[in-house]
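These are the residues of each chain, in order.
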Amino acid sequence: MNIPGELRYTKDHEWVLMEDGVVVLGLTDFAQQELGDIVYVELPELGTQMEVGVVFGSVESVKSVSDLFAPLNGVVVDMNTRLADTPETVNEDPYGEGWLLRAEPSAEWKMEDLLSAEEYADHIGAG
């Protein structure tokens, strides 16, 4: 199980990375393994306002459809449009080319509110 130490995590199995003031968001290795082969990814439009805990999209696999829950308050500034044609990229490279979106966080949002790699490992029983 790959749980990179430089990332932060949600209990909903998303990873978060801050790059130059913008948050990059994706699904964890654990999540993609649990889902199985991903066949469709639904993402919000650019400019969409995200709110912590509110559904912002979904991921469909051969097993099920899972909602994606926002880990931050902010505005979507970029999305991985390649996933429309190659959703399996989330399975193949969840922490790289399989990223989902980028968002500009609101001023009051803090990365520290998310789980560390160790806390996430404990959450999924891998710690």
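Now for a look at the structure at hand. (Residues numbered from 1 in each chain as written. Predicted model: local features only at pLDDT ≥ 70, side-chain atom pairs only at ≥ 80, totals over all residues. Heavy atoms only, no water.)

Moving on, we come to a nonpolar patch on the surface. Together, Val39, Tyr40 and Val62 give the surface a local cluster of nonpolar side chains, amounting to about 290 Å² of exposed area. Topologically, Tyr40 is positioned in strand β4 (residues 38-42). (Patch = residues over 30% accessible without salt bridge, like charges linked within 9 Å, V, L, I, M, F, W, Y side chains within 5 Å. Areas by Shrake-Rupley, 256 points an atom, 1.4 Å probe, with all protein chains shown as cover. Salt bridge = Lys/Arg side-chain N within 4 Å of Asp/Glu carboxyl O. Helix = DSSP H or I, 4+ residues; strand = E, 2+ residues; numbered from the N terminus.)

Spatial strand order, β1-β2-β3-β9-β8-β5: 6 strands in an open sheet with antiparallel pairing. In this open sheet, the two strands that pair with only one neighbour each are β1 (8-9) and β5 (49-50). Direction of pairing for β1 relative to strand β2 (residues 14-19): antiparallel, over a ladder of 2 bridges. Of the residues in β2, the one forming a bridge with Arg8 is Val16. (Pairing = 2+ DSSP bridges.)

A few words on unusual backbone geometry. Its identity as a non-glycine residue notwithstanding, His13 has a phi of 70°, on the positive side. Among the structural elements, His13 can be located in the loop between β1 and β2. A positive phi angle is found at Asp20, which is not glycine, with a value near 50°.

What follows deals with the side chain of Glu14. Relative to the helices and strands, Glu14 resides in strand β2. Despite its burial, Glu14 pairs with no opposite charge, the nearest such side chain being Lys11 at 13 Å. Side-chain polar atoms of Glu14 contact the backbone nitrogen of Phe69, separated by 3.0 Å. (Buried < 20%, exposed > 50% of the residue type's maximum accessible area, 1.4 Å probe, protein only. Lys, Arg positive; Asp, Glu negative; His and termini not counted. Polar contact = N/O pair within 3.5 Å; in protein donor to acceptor, adjacent residues only side chain to side chain.)

It is worth spelling out the packing of aromatic side chains at this point. Think of a pair of aromatic rings as described by two things: how far the centres are apart, and how the planes are tilted against each other in angle. This structure, assessed with the given rule, holds 2 aromatic pairs. Between Tyr9 and Tyr120, the aromatic rings sit 4.8 Å apart at their centres with planes inclined by 15°, giving stacked as the arrangement. Of this pair, Tyr9 sits in strand β1 while Tyr120 sits in helix α3 (residues 117-123); the two residues are 111 residues apart in sequence, bridging distant segments of the chain. Assigned by exposure class, Tyr9 and Tyr120 land together as buried. With centroids separated by 6.0 Å and ring planes inclined at 50°, the aromatic side chains of Trp15 and Tyr95 adopt a geometry described as tilted. (Phe/Tyr/Trp six-rings, centres within 6.5 Å; stacked < 30°, edge-to-face > 60°.)

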